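Read off the chains here:
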Amino acid sequence: MWMADAQGAIYWLNSHWYEYTGRPTGEINPHGWHAVLGNRWIEAMAAGTALESELSLLGKDGEYRPFLTRVVPLRDPGGVVYGWIGTHIDISERKRSEREVRRAKDAAEAALQNLRETQNYLIEAEKLAALGRLVAGVAHEINNPLGTSLTVASSLEHKSELLASEMAQGTLKRSSLKEFVEAIRDGSAQLQQSLNRAAELIQSFKQVASDRNNSDLRSFDLGDLTDQVASGLRPALPKHGVTLDVDCQRGLSMSSYPGSYGQVLTNLFLNSIAHAFPDGQLGKIAIKVSASSANDVEIIFTDDGCGMTPDVRRRAFDPFFTTRRHQGCTGLGLHIVYSVVTNRLGGRLDLKAEPGKGTRVKLTLPKVAPRASEHE
């Protein structure tokens, strides 16, 4: 603490000042604050107003430390300033704490930014992984009709060689010709059936893949698109025990993002396959599409699998939450569903699930999705 007269000349300093500075007790520089506080001190004296400022003071150890200086005028009964009293408060610890808080804040913001970038990277990776699993399923399914076609074509080639040989040797019989014609007829029918099936799968997958790569808003029939997506999903069904039923109301015209809608159905489907039917459990997955109002549609995705506990249901849409991390699950499938539905498609979700009673996800989507600028 210190005191000065009306003109700012210091005439008293307390013992703490001498302890801190190491100066001889009683030594006073009457106008020392003029050099330290500068014009702020002169202006305060001229106006007769209090002053508060931060400054650095040199200690006897040769180090400068930050201090908070406060000075207030002393007035007589008539309001005339007859002196000043001031304090210097060491704020080194406060400044150190502020620096530490600032460093911690900067580190936390950097970690959060890194987490967001990592999360976005993993979400994109999960989207590609889901598409990859769908590709694998479609490819496996296409192998069946193509394999059948190859077998039939090989058989027809063999029969053609036998017929040509008999013709060359002049031993061709009516019965052999009749048998060859029947083989051609049956083989052609099998080839046409198998190749049509392969073409349908390829067309379905091309449509889904094209939609996912196209981020533009466009018009489409929701029932037709749902059927196309379901056609691409069926090959990924377990070979025994799980079925996929689709019930779509026709004539539901949408102006939305078909690729994002297909991504939602794919993730819900793959999540059910991975979690709802453990150990080869039998069951059914169902998708029902209908209008819920003049402006909205309703998609109900259900399975009759093992369901969820209350804790799992509560955290189902949290990023990175999974009950099967040991099996390579990332915990992003349903988080992507939630993000796409609420952000990209402008809709909302409702999840109901109980242990042993299956899972039901209801999506309510606007027929006209918000444009990117409206929801991003």
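Residues numbered from 1 in each chain as written. Predicted model: local features only at pLDDT ≥ 70, side-chain atom pairs only at ≥ 80, totals over all residues. Heavy atoms only, no water.

1. Structural notes on the sheet that holds strand 9 (residues 283-291)
Then step 1. The strand order across the open sheet built from five strands is 7-9-10-12-11, with neighbouring strands paired in mixed fashion. Of all the strands in the sheet, just strand 7 (242-248) and strand 11 (348-353) have a single pairing partner and so form its edges. Direction aside, the axes of adjacent strands within the sheet are offset by 10° on average.
Then step 2. Relative to strand 12 (residues 359-366), strand 11 runs antiparallel, the two being bridged by six bridges. Each bridged residue has a counterpart across the sheet, and for Ala353 the counterpart in strand 12 is Thr359.
Then step 3. The sheet contacts of helix 9 (residues 333-344) involve strand 11 and strand 12, and relative to strand 11 the element is tilted by about 145°. (Pairing = 2+ DSSP bridges. Helix = DSSP H or I, 4+ residues; strand = E, 2+ residues; numbered from the N terminus. Axes fitted to C-alpha atoms, helices over the stretch in contact; angles between N-to-C directions. Contact = heavy atoms within 4.5 Å.)

2. Overview of the environment of Ile91
Then step 1. Relative to the assigned elements, Ile91 resides in the loop between strand 5 (81-90) and helix 4 (92-169).
Then step 2. Its relative accessible area of 6% is what places Ile91 among the buried residues.
Then step 3. Distance in space between the C-alpha atoms of Ile91 and Leu68 is 6.5 Å, their sequence separation being 23 residues.
Then step 4. Setting aside residues no more than four positions away along its own chain, Ile91 makes contact with Glu54, Pro66, Phe67 and Leu68. (Buried < 20%, exposed > 50% of the residue type's maximum accessible area, 1.4 Å probe, protein only.)

3. Looking at the sheet that holds strand 1 (residues 2-5)
Then step 1. On the basis of which strands lie adjacent, the open sheet formed by five strands has the order 2-1-5-4-3 and antiparallel pairing. The outermost strands of the open sheet, each flanked by one partner alone, are strand 2 (10-13) and strand 3 (51-58). Neighbour to neighbour, the strand axes of the sheet diverge by 25° on average, direction disregarded.

4. With respect to the pattern of salt bridges
Then step 1. The full count for this structure, using the stated rule, is 14 salt bridges.
Then step 2. Residue Arg314 is joined to Asp311 by a salt bridge in which the shortest nitrogen-to-oxygen separation is 2.6 Å. With Arg314 and Asp311 both in helix 8 (residues 310-315) and three residues apart, the pair spans about one turn of that helix.
Then step 3. Taking relative accessible area as the criterion, Arg314 reaches 60% and is therefore assigned exposed.
Then step 4. Its salt-bridge partner being Arg360, residue Asp350 comes within 3.7 Å of it at the nearest N-O pair. Highlighted residues: Asp350 in strand 11 and Arg360 in strand 12, separated in sequence by 10 residues. (Salt bridge = Lys/Arg side-chain N within 4 Å of Asp/Glu carboxyl O.)

5. Some remarks on the nonpolar core
Then step 1. Counting 42 residues, the largest nonpolar core has Leu222 and Ile299 as the members making the most contacts within it.
Then step 2. Elements represented by at least two residues in this core include exactly helix 6 (222-233), strand 7, helix 7 (258-275), strand 9, strand 10 (296-303), helix 9, strand 11 and strand 12.
Then step 3. Setting aside chain neighbours within four positions, we find Leu222 in contact with Leu252, Met254, Tyr261, Val289, Val297 and Ile299.
Then step 4. Among the nonpolar cores identified, the runner-up in size contains 19 residues, and Trp2, Trp33, Phe67 and Trp84 belong to it. (Core = buried A, V, L, I, M, F, W, Y, C linked by side-chain atoms within 4.5 Å.)

6. Focus on the pairing of strand 2
Then step 1. The pairing of strand 1 with strand 2 spans three bridges and is classified as antiparallel. Bridging from a neighbouring strand, Trp2 pairs with Leu13 of strand 2.
Then step 2. A loop of four residues connects strand 1 with strand 2, the two strands running antiparallel in sequence, and Gly8 in this loop sits at a positive phi of about 90°.

7. Section: the packing of aromatic side chains
Then step 1. Using the criterion set out here, one finds four aromatic pairs in the structure.
Then step 2. Measuring from ring centre to ring centre gives 5.8 Å for Trp2 and Trp41, while their planes differ by 85°; the resulting arrangement is edge-to-face. In this pair, Trp2 sits in strand 1 while Trp41 sits in helix 3 (residues 39-47), placing the two residues 39 residues apart along the sequence. The burial state of Trp2 is the same as that of Trp41; both residues are buried.
Then step 3. Note on Trp41 and Trp84: the rings are 5.3 Å apart at their centroids and 70° apart in plane angle, and the pair reads as edge-to-face. One end of the pair, Trp41, is in helix 3; the other, Trp84, is in strand 5, and 43 residues separate them in sequence.
Then step 4. With relative accessibility at 0%, the residue Trp41 sits in the buried group.
Then step 5. An aromatic cluster is built from Trp2, Trp41 and Trp84, whose rings are joined through pairwise contacts.
Then step 6. Between the NZ or CZ atom of Arg344 and the centre of the ring of Tyr257, over which it lies, the distance is 3.8 Å. (Phe/Tyr/Trp six-rings, centres within 6.5 Å; stacked < 30°, edge-to-face > 60°. Lys NZ or Arg CZ within 6 Å of the ring centre and 35° of its normal.)

8. Description of the packing of helix 6 against helix 7
Angle between the axes and distance between the axes: these two values describe a pair of packed helices.
Then step 1. Two elements in contact, helix 6 and helix 7, have axes whose closest approach is 10 Å; the angle formed by their N-to-C orientations is 45°. Relative to helix 7, the element helix 6 lies oblique. In terms of crossing hand, the pair formed by helix 6 and helix 7 is right-handed. The residues of helix 7 that touch helix 6, namely those facing Leu222, Leu225, Thr226, Val229 and Leu233, are Pro258, Tyr261, Gly262, Leu265, Thr266 and Phe269.
Then step 2. Split by residue class, the contact of helix 6 with helix 7 holds eight nonpolar, three polar and no charged. (Parallel < 35°, antiparallel > 145°, perpendicular 65-115°, else oblique. Left-handed = near helix turned anticlockwise from the far one by under 90°. Nonpolar A, V, L, I, M, F, W, Y, C, P; charged D, E, K, R; others polar.)

9. Describing the packing of helix 7 against helix 9
Then step 1. Taken N-terminus to C-terminus, the directions of helix 7 and helix 9 make an angle of 155°; their axes are 9 Å apart at the nearest point. The pairing of helix 7 with helix 9 is recorded here as roughly antiparallel in orientation. Where helix 7 crosses over helix 9, the two elements pack in a sense that is left-handed. On the side of helix 7, the interface is formed by Ser260, Gln263, Val264, Asn267, Leu268 and Asn271, while helix 9 contributes Gly333, Leu334, Ile336, Val337, Val340, Val341 and Arg344.

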